[in-house]
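Observations on the model geometry
Letter by letter, the chains look like this.
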Amino acid sequence: MSAALEATKIERAPAPAAPLQPGRTRRTFAPFSWLWWTIGMLYLGLPLYGTFVFSLQKTRGTLSFAAYTSALSEPLFLRTFLFSNIMAFSTIIVSLMLVVPTAYWVQLRAPKWRPAVEFISLMPFVIPAIVLVFGLIKTYSRPLQLLGITIIPPLTNSTMTTNVLLVAAYTVLSLPYMYRSVDNGLRAMDVRTLTEAAQSLGAGWPTILFRVIFPNLRSALLSGSLLTFAIVVGELTLASFLNRPAFGPYLALIGNHQTYEPAALAIVTFGLTWLAMILINVATGGKKGATVTGVR
Amino acid sequence: MAFLNLISVSKIYPNALQPAVIDFNLNVEAGEFVSFLGPSGCGKTTTLRMVAGFETPSAGKVLMDGKDITNIRPNQREIGMVFQSYALFPNMSVADNIGFGLKVGGKPVAEIKERVREMLALIKLEELGARYPFQLSGGQQQRVALARALAIRPKLLLLDEPLSALDAKIRVSLRTEIREIQQRLGITTIYVTHDQEEALSLSDRVVVMNNARIEQVGAPFEIYNFPATRFVASFVGTLNTLTAEVVDPATGLLSVHGQPIHAVAPLQEQAGAQVALALRPELLKISTERQGQNGDGDDASENTLKGVIETITFLGSIVRIDVRVGDSVVKLDEFNNPHLKLPKRGDAVTITFGREACLVLDRAARAALPA
Ligand SMILES: Nc1ncnc2c1ncn2[C@@H]1O[C@H](COP(=O)(O)OP(=O)(O)O)[C@@H](O)[C@H]1O
Ligand SMILES: [Mg+2]
């Protein structure tokens, strides 16, 4: 259990560093900055290091990757990990489709709605996951009716629809992170003027979104997506109460029954998150200048 | 028929206390360079944005080339726009920025390439096509923005305070460049600025605006020399303002620190009223006390004011002289020449000027004066 929690914590740690800004002149650190930087690095790095060393000690007396071999060869690991990844990517797509147009519209045309949208986006911090999941089960395990007509059939009856429900719930959970990232990205780039510049050059909405807005939101979308990924892959409560074979519950399970494997898995997922981050960065063309959020 | 017609255009923003633009009428000829000049908040940008299509007029119509474009979407108008903040796409190279409009318009790659090259030559940045906007100076960015707007061969070019974010030196050189490019291409242009020097030096015609309305439309020479309203008189040019007291409204007689001054026309104010008297520096002549006695000062059409030299500033082609008259300072300009005999600080002098140099400003116009 504790290993599972630790794993999620570690996974979240790297994400805030995502909006890298190459091309900026590196600032010289004052002595105190160095001190805080070192303390911060130790705070983040030591548990990771400790977990790593611990994970190597499965074979008594020697350091080996035995725990890794055993953990990774477990079929349940692959199944749950794959399942959670699919959930994570679905969530990212749904969340992006929901949040980007909303934040864009708020910024462009309805700034007075900003407080309301921000408030809604923060709801997951106020409502605990356990409350959310019981609310969802209570609402969607029965047909949802309006004026006697069924609008939504019971969702918890089949795995497919339960997965849909899970993705929807994950989207809600990731809302604060996704909305913040996207909103920050939009604020940094003078959306309104860029939109108008594109319009005056003849561009319609799809062109504006896909050639101007999205590319300049790259690092914001990236960090929002990574945070979402980290949350979903490590999530425990929703998945276990909706009884889906996700990675979070699996980690919790082996945390109760095994000693070294959970540590190994924590390290593996941490590494995979970093790998995903690098891959996305490369795939979306992390070339000169284009990485910056849009301002100099 | 003019190329662009704004017919009784008004704009009231929702929830706004006052209209942003009221009954704006203007005809712009093809190839003409027209400036909107006025203080901040007077409605210049709003008017420009209605031409561009980013705002819909609350009333009135916009015609371009005889066609009603009032409700046409901005991306269908073929109007180029340059913004104060440059608004280059940060994710695209200079060449891609310039080619954006052509790419959107589905032009063949070879044609886009050729046009981009042409545009880079036009703004004299041939070497910088591969750079990204953040690698350029402000002046270079704004030139790229201009090239980007022109690349699509727009029917109309709109510029909203394009030079305001730049420093003074670049502002002047880029101003000249904009005018040259505009004349070479013969493109109809509307230029928004709050800087009278920019408006006067660039434009074929200037539209002076105040409080959501047009005050005057005219060539720079007309606007400067024959301001139609007191606001225009006070907003355009460098003015000396002196407090004067009305002595005889019927003959236009005023008193400035006890010295009689004749205005060119009768006054509306009552005798004894305090008014502001505005004098253009370049319409004032100066003579020392001795010179003042040789007779031409007695010319009945000339006004005189006695004062004391306070400072003399050498500005190159002109020399600016500050003369203290009572509790005010009157600035006047002399053209520099090697034979110029300049008075010294502390000399008693007489300032001479014709009656037509006297502009009597009302309270509203005084309020609009820069402090
Ligand atoms: N989007 C808007 N909503 C409400 N009022 C606006 C908006 N844009 C401008 N205004 C108001 O309209 C008036 C004219 O503004 P603007 O056209 O920007 O002036 P200028 O460009 O001459 O400085 C100002 O009083 C301004 O506050
Ligand atoms: Mg403006």
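Topic: unusual backbone geometry
Leaving glycine aside, a negative phi is the common case for residues, and trans is the common case for peptide bonds. All names here are of chain B. Its identity is not glycine, yet N15 carries a phi of approximately 70°, on the positive side. Along the chain, N15 falls in the loop between β1 (4–11) and β2 (21–28). For D23, which is not glycine, the phi dihedral falls at a positive 45°. With respect to the helices and strands, D23 occurs in strand β2.

Quick notes on the interface of chain A and chain B
Contact with chain A, which involves 23 residues of that partner, is made by 27 residues of chain B. Summing the contributions of chain A and of chain B, the shared interface buries around 2300 Å²; its carbon and sulfur component is 63%. The interface formed by chain A and chain B contains two salt bridges. A salt bridge links B:R49 to A:E196, with the shortest nitrogen-to-oxygen separation between them at 2.7 Å. Inspection of the region where chain A meets chain B yields five residue pairs in polar contact (both at pLDDT 80 or more). Counting residues per element, the ones that place at least two in the side of chain A that touches chain B are α8 (191–200) and α9 (205–216) of chain A. Class assignment for the residues of the side of chain A that touches chain B results in seven nonpolar, nine polar and seven charged.

Digging into a nonpolar patch on the surface
All names here are of chain A. Taken together, the side chains of L122, F125, V126, I127, I130, V131, F134 and F241 present a nonpolar region at the surface, about 710 Å² in accessible area. Secondary-structure elements contributing two or more residues to the nonpolar patch are α5 (114–126) and α6 (129–140). On the secondary structure map, I130 appears in helix α6.

Overview of the sheet that holds strand β17 (residues 318–325) of chain B
All names here are of chain B. Read from one edge to the other, the open sheet built from five strands follows the order β15-β19-β16-β17-β18, with strand pairing classed as antiparallel. This sheet does not close on itself; its edge strands, each paired only once, are β15 (285–288) and β18 (328–335). The mean angle between the axes of side-by-side strands here comes to 45°, regardless of whether they run parallel or antiparallel. As paired strands, strand β16 (residues 302–314) and strand β19 (residues 348–354) are joined by seven bridges and run antiparallel to one another. The residue of β19 that forms the bridge with V308 is A348.

Looking at the site of ligand 1
Residue and element names in this part refer to chain B. Close to ligand 1 lie Y13, A20, P39, S40, G41, C42, G43, K44, T45 and T46. The separation between an oxygen atom of ligand 1 and a polar main-chain atom of C42 is 3.2 Å. In the environment of ligand 1, an oxygen atom lies 2.9 Å from a nitrogen or oxygen atom belonging to the backbone of K44. Starting from 560 Å² of accessible surface for ligand 1 in isolation, the protein chains cover 59%. Residue composition of the shell around ligand 1, grouped by class: four nonpolar, five polar and one charged.

Comments concerning the pattern of salt bridges
Proximity of charged atoms lets side chains of opposite charge pair with each other. The tally for this structure, following the rule as stated, stands at 19 salt bridges over all chains. Ionic pairing is found between B:K155 and B:E78, a salt bridge with its closest N-O pair at 3.9 Å. With a gap of 77 residues between them, B:K155 in the loop between α4 (138–151) and β7 (156–160) and B:E78 in the loop between β5 (67–68) and β6 (79–82) connect regions that are remote in the sequence. Here B:K155 falls in the partly exposed class, since its relative accessible area comes to 27%. Salt-bridge contacts for B:R143 lead to B:E177; the nearest nitrogen and oxygen are separated by 3.3 Å. Here the residue B:R143 occupies a position in helix α4, and B:E177 occupies one in helix α5 (residues 168–185), the gap between them amounting to 34 residues. Look at B:E177 and you get buried, because its relative accessible area is 12%. When salt bridges that share partners are traced, they join A:R192, A:E196, B:K11, B:R49 and B:E55 into one network.

Here we look at the layout of surface pockets
Gaps left between atoms are located by rolling a probe of water-molecule size over the structure's atoms. All names here are of chain A. In this structure, the second largest pocket occupies an estimated 630 Å³ of space. Here the lining of the second largest pocket gets four residues from one element, more than from any other, and that element is α8. Grouping the constituent residues of the lining of the second largest pocket by class yields eight nonpolar, five polar and eight charged.

Observations concerning the sheet that holds strand β10 (residues 213–218) of chain B
All names here are of chain B. Spatial ordering of the open sheet is given by β6-β7-β8-β3-β9-β10, a layout of six strands whose pairing is mixed. What marks the edges here is a single partner per strand, and that holds for β6 and β10. Strand-to-strand twist across the sheet, computed as the mean angle between neighbouring axes with direction ignored, equals 15°. As paired elements, strand β3 (residues 33–37) and strand β9 (residues 205–210) share four bridges and run parallel to each other. Along β9, the bridge assignment pairs V34 with R205. Along the sheet face, α4 touches β6 and β7 and points at about 170° away from the line of β6. Contacting β3, β7 and β8 (188–193), α5 crosses the sheet at an angle of about 140° to β3.

Some points on the confidence of the model for chain B
The predicted coordinates ought not to be read in detail in places where the model reports low pLDDT. All names here are of chain B. Chain-level pLDDT for chain B is 88 on average; 94% of the residues reach the 70-or-more range. Considering only residues more than four positions removed or in separate chains, one finds that residues 292–298, a stretch of pLDDT under 50, has three contacts. Model confidence for the complex: the whole-complex pTM is 0.74, and ipTM, which rates the interface, is 0.78.

Structural notes on the side chain of B:Q182
Residue and element names in this part refer to chain B. Structurally, Q182 is set in helix α5. Separated by 3.2 Å, the side chain of Q182 and the backbone oxygen of G31 make a polar contact. Other than its neighbours up to four places away in sequence, Q182 contacts G31, E32, F33, I187 and T189.

Conventions we followed
Every chain begins its residue count from 1, and numbering advances along the sequence as written. Key to labels: chains lettered from A, ligands numbered from 1, both in the order written. Confidence filtering applies because this is a predicted model: local features only for residues at pLDDT of at least 70, side-chain atom pairs given and counted only at 80 or more, and all residues used for totals across whole chains, interfaces and linings. With hydrogens and water stripped out, all remaining heavy atoms of the structure feed into the side-chain values. In this text, helices come from DSSP runs of H or I with a minimum length of four residues, and strands from runs of E with a minimum of two, each type numbered from the N-terminal end. Whether two residues are in contact is decided by their heavy atoms: any pair within 4.5 Å suffices. Simply put, the buried area is the total loss of 1.4 Å probe accessible area from both parts when two parts are fitted together. By definition, a salt bridge exists where a carboxyl oxygen of Asp or Glu is found within 4 Å of a side-chain nitrogen of Lys or Arg. Polar contact criterion, stated in full: a pair of N or O atoms within 3.5 Å, where within protein one must be able to donate a hydrogen and the other to accept it, and residues adjacent in sequence count only if both atoms are side-chain atoms. Throughout, the ten residues Ala, Val, Leu, Ile, Met, Phe, Trp, Tyr, Cys and Pro are labelled nonpolar, Asp, Glu, Lys and Arg are labelled charged, and all others, Gly among them, are labelled polar. Surface patches are drawn from residues lacking salt bridges whose relative accessible area is over 30%; two like charges belong together within 9 Å, two nonpolar side chains (Val, Leu, Ile, Met, Phe, Trp, Tyr) within 5 Å. Residue exposure ignores everything except the shown protein chains as possible cover, and the areas themselves are Shrake-Rupley values with a 1.4 Å probe. Strand pairing is assigned whenever DSSP detects at least two bridges linking the two strands. Geometry is summarised by axes, namely lines fitted to C-alpha atoms with helices restricted to the contacting stretch, and by angles between N-to-C directions that run from 0 to 180 degrees. Only heavy atoms are used to decide nearness, and a residue is near a molecule or strand if one of them lies within 4 Å of it. Relative accessibility decides the category of a residue: with a 1.4 Å probe and only protein chains considered, values under 20% of the type maximum give buried, values over 50% give exposed, and everything between is partly exposed. Only protein atoms enter the 1 Å grid used here. Points where a 1.4 Å probe fits but cannot escape make up a cavity, open sets with protein on both sides within 12 Å along at least five of seven lines make up a pocket, and a residue lines them when an atom lies within 4 Å of a point. Grid points are joined across faces, edges and corners, and a volume is the space filled by probe spheres set on the points. Each residue carries a pLDDT score, the predictor's own confidence in it, on a scale running from 0 to 100.

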